[in-house]
Amino acid sequence: MASTADFKNGLCLVMNNEIYSIVDFQHVKPGKGAAFVRTKLKGLTNGKTLDKTFNAGEKVETARVEKRPHQFLYKDDMGYHFMDTNTFEQIPIEEKLIERPDLLKDGQMVDILIHDETETPISVELPPFVELMITYTEPGIKGDTATNALKPATLETGATVMVPLFVEQDIMIKVDTRDGSYSERVK
């Protein structure tokens, strides 16, 4: 059990038999009335976000969740297969537990959130940025750079990302995994 004073980003709570992670919280003390804590929670099993208000000092049940480093191996009919880098144990994970599966590259390191009591995977966290090769994009037209124009580019994983006109085929780029957007060229 934890109090609202123990809230911090990333803390995992159990509510209605679901596990939620605190994305954002704000302690509010109005001039009149009791203090309260406004939170934004993200469901780790269903991916839904919800806003919840707790009274100050309210007790909530915390979930014991562990982040373990894994390496992505391959994808087949059973799902995505990952290997624990410490024990070399392989585990298959369903696509719905992975935030951006289209940005996964063979051999890539990820963190898997595992519920301690049941030893079941809850979600897969990709690193904030991944470096991927552009396999196809239309050539940019010279002199068409006055505006911030974008064009579609297909990456080595099959994902499509909007990139600036000056980016060409067979170039490594950094992609933000949180929103799937182009970040920069890799030198």
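Keep in mind it's a predicted model, so treat the numbers as computed, not measured.

Turning next to the pairing of strand β5 (residues 49-55). Taken together, the seven bridges between strand β4 (residues 36-43) and β5 define a ladder with antiparallel strand orientation. The residue of β5 that forms the bridge with Thr-39 is Lys-52. Where β4 hands over to β5, the hairpin turn is made up of five residues, of which Gly-47 adopts a positive phi near 80°.

The next subject is the environment of Thr-45. Checked against the element boundaries, Thr-45 lands in the loop between β4 and β5. Sequence separation of Thr-45 and Pro-121 is 76 residues, and the distance between their C-alpha atoms is 9.3 Å. Setting aside its immediate chain neighbours within four residues, Thr-45 contacts Glu-18, Ile-19 and Ile-122.

One pass over the structure, following the stated rule, counts three aromatic pairs. Considering the side-chain rings of Phe-7 and Phe-54, the 5.3 Å spacing of their centres and the 80° angle between planes classify their relative orientation as edge-to-face. One end of the pair, Phe-7, is in the loop between β1 (2-3) and β2 (12-15); the other, Phe-54, is in strand β5, with 47 residues separating them in the sequence. Overall, Phe-7 belongs to the buried group, its relative accessible area being 5%. Ring centres of Phe-72 and Phe-82 lie 5.4 Å apart, and the angle between their planes is 55°; this geometry places the pair in the tilted category. Taken together, the positions of Phe-72 in strand β7 (residues 65-76) and Phe-82 in strand β8 (residues 79-84) put the pair ten residues apart, joining distant regions of the chain. You'll find Phe-72 and Phe-82 in the same group, each marked buried. Lys-52 extends its terminal NZ or CZ atom over the ring of Phe-54, reaching a point 5.2 Å from the ring centre. Positioned above the aromatic ring of Phe-129, the side-chain terminus of Lys-174 is 5.9 Å from the ring centre.

Attention shifts here to the domain arrangement of the protein. In many reports, interface size means the accessible area that the parts give up when they come together. When the domains of the protein are assigned, the result is domain 1 (2-60), domain 2 (65-125) and domain 3 (129-185). Taking only C-alpha atoms into account, the centre of domain 1 sits 38 Å from that of domain 3.

The next thing to look at is the layout of surface pockets. Gaps left between atoms are located by rolling a probe of water-molecule size over the structure's atoms. Estimates place the volume of the largest pocket at around 750 Å³. Lining the largest pocket are 29 residues, with Lys-42, Leu-44, Glu-99, Ser-123 and Glu-125 positioned closest to its centre. Of all elements in the fold, only β3 (18-28), β4, β7 and β11 (120-125) reach the threshold of two or more residues within the lining of the largest pocket. Partitioning the lining of the largest pocket into residue classes produces 13 nonpolar, nine polar and seven charged.

Scoring rules and cut-offs
- Residues numbered from 1 in each chain as written.
- Predicted model: local features only at pLDDT ≥ 70, side-chain atom pairs only at ≥ 80, totals over all residues.
- Heavy atoms only, no water.
- Pairing = 2+ DSSP bridges.
- Helix = DSSP H or I, 4+ residues; strand = E, 2+ residues; numbered from the N terminus.
- Contact = heavy atoms within 4.5 Å.
- Phe/Tyr/Trp six-rings, centres within 6.5 Å; stacked < 30°, edge-to-face > 60°.
- Buried < 20%, exposed > 50% of the residue type's maximum accessible area, 1.4 Å probe, protein only.
- Lys NZ or Arg CZ within 6 Å of the ring centre and 35° of its normal.
- Domains from an automatic or database assignment.
- 1 Å grid on protein atoms, 1.4 Å probe; cavity = no way out; pocket = protein on both sides within 12 Å on 5 of 7 lines; lining within 4 Å.
- Points joined across faces, edges and corners; volume = space filled by probe spheres on them.
- Nonpolar A, V, L, I, M, F, W, Y, C, P; charged D, E, K, R; others polar.

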